[in-house]
Amino acid sequence: MVVDTIALTAPLITSPSAGTLSPGSGQPAGTITVTGVAEPGSSIQIFVDGAPAGSPVVAAADGSFVVNLTAPSDGSHTLTARSTDDAGNNSPLSLGRNVVIDSVPPVAPSWTSPSPNSLFGKTVIPLTGTAEANSIVRLYVDGASTPSMLTLASGSGVFAYAVPPMSNGSHS
């Protein structure tokens with residue numbers, strides 16, 4: 001007979017990173033992948049806002065674990081984890097990982113200046129517009145497949161970018 005009354009240390013959640021999880025942020029649509037480290041062989045339960053989420057998984061020999069969950073509703077959530085060993089000893093909850101689920105793609109940004117067909121000399125072109133608050137605005141020039149420029153919309157959704165001088169001719 002073996003008696004094990006030693007409490008486990010709390011697991012460590014290593015991903016997802018704290019912050020906003022949205023389409024295209026590395027998470028499959030409708031899911032959250034939670035990874036971390038715990039006592040090897042222990043059973044890991046993930047909690048979302050204090051409620052158990054998904055099925056427990058067993059930590060690998062190196063202590064790593066991966067849990068795929070159905071994404072909770074849009075909004076702010078706290079992820080935590082608890083491990084349990086074969087003797088039924090529970091760890092304390094891990095430190096919380098705060099995430100914001102945002103499954104709604106932003107509306108396309110629009111610019112307010114310059115107006116279409118504006119004429120510029122060899123000068124910097126001031127581009128301003130509106131977009132979803134705190135979003136990254138990618139500017140594609142002349143149908144390029146990769147963004148030529150990036151800027152960040154403010155908390156009120158306003159963005160501004162100084163477009164460097166461009167070659168002669170029309171640009172879109």
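Residues numbered from 1 in each chain as written. Predicted model: local features only at pLDDT ≥ 70, side-chain atom pairs only at ≥ 80, totals over all residues. Heavy atoms only, no water.

What follows covers the pairing of strand β10 (residues 125-130). Alternating residues of β10 divide into I125, L127 and G129, all buried, and P126, T128 and T130, none buried. Here β10 pairs with strand β13 (residues 158-163) via six bridges, running antiparallel. Its bridge partner lying in β13, L127 is registered against Y161. (Buried < 20%, exposed > 50% of the residue type's maximum accessible area, 1.4 Å probe, protein only. Helix = DSSP H or I, 4+ residues; strand = E, 2+ residues; numbered from the N terminus. Pairing = 2+ DSSP bridges.)

Any segment with low pLDDT has predicted coordinates that should not be analysed in fine detail. Averaged over all residues, the pLDDT of the protein equals 83, while 85% of them reach at least 70. Mean pLDDT across the elements of the protein ranges from a minimum in strand β2 (residues 19-21), with 66, to a maximum in strand β4 (residues 43-48), with 97. (pLDDT = per-residue confidence, 0-100.)

The next subject is the nonpolar core. V34, I44, I46, F65, L69 and L79 are the most contacted members of the largest nonpolar core, which has 16 residues in total. Looking at this core, the elements with two or more residues in it are β3 (31-37), β4, β6 (64-70), β7 (75-84) and β8 (97-101). Apart from residues lying up to four places away in sequence, L79 is in contact with I13, P16, I32, V34, F47, V48, L95, G96, R97 and V99. Core analysis: the next-biggest nonpolar cluster, separate from the first, contains 10 residues, L127, A131, L139 and V163 among them. (Core = buried A, V, L, I, M, F, W, Y, C linked by side-chain atoms within 4.5 Å. Contact = heavy atoms within 4.5 Å.)

Right, let's get into unusual backbone geometry. The step from S15 to P16 runs through a cis peptide bond, and the omega angle for that step is 10°. Along the chain, P16 falls in the loop between β1 (12-15) and β2. A positive phi is found at D49, a non-glycine position, where the angle reads about 55°. Relative to the elements of secondary structure, D49 occurs in the loop between β4 and β5 (51-58). With a phi close to 65°, N134 is a non-glycine residue in the positive phi region. Looking at the element boundaries, N134 is found in the loop between β10 and β11 (136-139). Looking at N134, the relative accessible area reads 56%, which means it is exposed.

Quick look at the environment of E39 now. One can find E39 in the loop between β3 and β4. Once the C-alpha coordinates of E39 and F65 are considered, the two residues, 26 residues apart in sequence, prove to be 9.8 Å apart. If we skip the residues at most four places from it in the chain, E39 touches L8, A59 and D85.

The strand order across the open sheet built from three strands is β1-β3-β6, with neighbouring strands paired in antiparallel fashion. Two strands lie at the open edges of the sheet, namely β1 and β6, each paired on one side alone. The mean angle between the axes of side-by-side strands here comes to 35°, regardless of whether they run parallel or antiparallel. Both β1 and β3 contribute to a ladder of three bridges, which runs antiparallel. By the bridge assignment, I13 is partnered in β3 with G36. (Axes fitted to C-alpha atoms, helices over the stretch in contact; angles between N-to-C directions.)

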